[in-house]
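Structural characterization, general
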Amino acid sequence: MAIRLLLIFLFSPILAKAEICERPMWSDRAESTKRLFDKTLYQFASSKDIAPLADDTLSKLAKAQSPTLIDWGKKRNINPQTEPEKFAKEWRSYFATQFIISKYPTKVTAVDILIEQHFDNLSENLMTNQYKKYLNEQFLAAKKLALQKITNSPLEKDSKQIIINKINAVKLYFPEKLRGSKYEKSILEFLNWGLAFDPNNDEINVGLDTLKYNEQNLKVALLHEIAHSFDTCRWSQKENSNWPFEKIGLCLRKFTLTRDDSRLEEFKTTGYLTESEYLFFKKNQTCHNTKYPPSGIQKDQITETFADWFSAYALSDEKINIHFRDDLCEDKNREPGSSYLSNTDRLYKIYLSQKHFSSLTKKKSDEFRCTF
Ligand SMILES: [Zn+2]
């Protein structure tokens, strides 16, 4: 009896607490989505207008023993000597994404038609009406929670009302076909990304990566996007009052980089930025776009850290488990100057520093905790 009890004790699932990211748990549809996505992409990459370009580039790089190509294989854990077919196959898909699809419109009509078909195909087969309905339900639940949290927060009355109006205005955006959708300018945002807030339309753009999120992960990610509707950049653009989360922002600054403006004046003088762009960035200190700061120069990280913080705060009375942000368990290469902290820092410094999250793991990061 004693041994039996001991065994139950040892193997109890409650005690066998998994560390965060040890065993990510994706949605039920994640695997079939990936299979269909990879298959469709490879079909596209093998078409007669694209495959010869990919294969030709590969043989040139291989002949020159290109270090970039060697690194590319290493990163994907594919050995060209022992797995030449797999190597060539993966290369085609990679080439098609980076050098063909991302360049849409390519000015070659036949290729553009293929890209449109590829996009529409994935959109129709993966973003089904059933999935859209499910996502809308999850979105409404996240919105309701965000509204409740703001209503019950210690913020002052006027600020609360402004934020509530902003949250109410947010909606989801799904593309049907590529032509005429806003993804014409940023096609990979749909094919290779999850959720993204579009401040110009108060919309959350839904990308295919969203399909793999489990329900809890989805809720946290939606709350993050909703928070962008009232982050410091949005606030400084639209409101005359001080940002109501100044105190939280100040606390987050302990590990959040500010925008590097050391070349702002120079960019105005050289004409890289127009007068109105220059004035916009002068006024809105935490904003950035694809033009400024240019690649490699530090963007302000406060809008992203705040959105993470709010999504954590909004869940303080909810039941949560360790799979709340499995999307952050993936190693994403951040380019220098990125507006994001590393995924590890996002998990530990923002989410796990909150009391209700820290109880899920043995690792403590209380020193980063920010509260009202
Ligand atoms: Zn964000």
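Residues numbered from 1 in each chain as written. Predicted model: local features only at pLDDT ≥ 70, side-chain atom pairs only at ≥ 80, totals over all residues.

Time to look at the nonpolar core. Counting residues in each nonpolar core, the largest one holds 45 residues, and the members touching the most others are L222, L223, I226, F306, W309 and F310. For this core, the secondary structure elements donating two or more residues are α7 (129-151), α8 (157-169), β2 (195-198), β3 (203-206), α10 (215-227), α12 (246-252), α15 (302-314) and α16 (343-351). With eight residues, the single largest contributor to this core is α15. With sequence-adjacent residues up to four places away left out, L222 is seen in contact with Q138, F139, A142 and L195. (Core = buried A, V, L, I, M, F, W, Y, C linked by C-beta atoms within 7 Å. Buried ≥ 20, exposed ≤ 12 C-beta atoms within 10 Å, placed from the backbone. Helix = DSSP H or I, 4+ residues; strand = E, 2+ residues; numbered from the N terminus. Contact = placed C-beta atoms within 7 Å.)

Looking now at helix α2 (residues 30-45). The end-to-end C-alpha separation of α2 is 22 Å, in line with the 22 Å expected for 16 residues at 1.5 Å each. Within α2, the full set of buried residues consists of T33, F37, F44 and A45. Buried residues of α2, seen end-on, are gathered within an arc of 95° and therefore sit on one face of the element. Along α2, the residues that are exposed and aim more than 90 degrees away from the buried face are E31, S32, R35 and K39. Where α2 is buried, its residues contact α3 (51-63), α5 (84-100) and α6 (109-126). (Expected span 1.5 Å × (residues − 1). Arc of directions from axis to C-beta.)

Moving on to the confidence of the model for the protein. When the pLDDT values of the protein are averaged, the result is 92; 95% of them are 70 or greater. The low-confidence segment residues 1-17, where pLDDT is below 50, has one contact with residues more than four positions distant or belonging to other chains. (pLDDT = per-residue confidence, 0-100.)

Pairing is mixed in the open sheet, where three strands are placed in the order β1-β3-β2. Lying at the two open borders of the sheet, with one neighbouring strand each, are β1 (171-173) and β2. Across this sheet, the average inter-strand angle for adjacent strands is 30°, counted without regard to direction. As paired elements, β2 and β3 share four bridges and run antiparallel to each other. Looking at β3, one finds that D198 is bridged to E203. (Pairing = 2+ DSSP bridges. Axes fitted to C-alpha atoms, helices over the stretch in contact; angles between N-to-C directions.)

Turning next to the environment of E215. Topologically, E215 is positioned in helix α10. Given 11 C-beta atoms within 10 Å, E215 falls into the exposed group. Distance from E215 to E90, taken between C-alpha atoms, is 30 Å for residues 125 residues apart in sequence.

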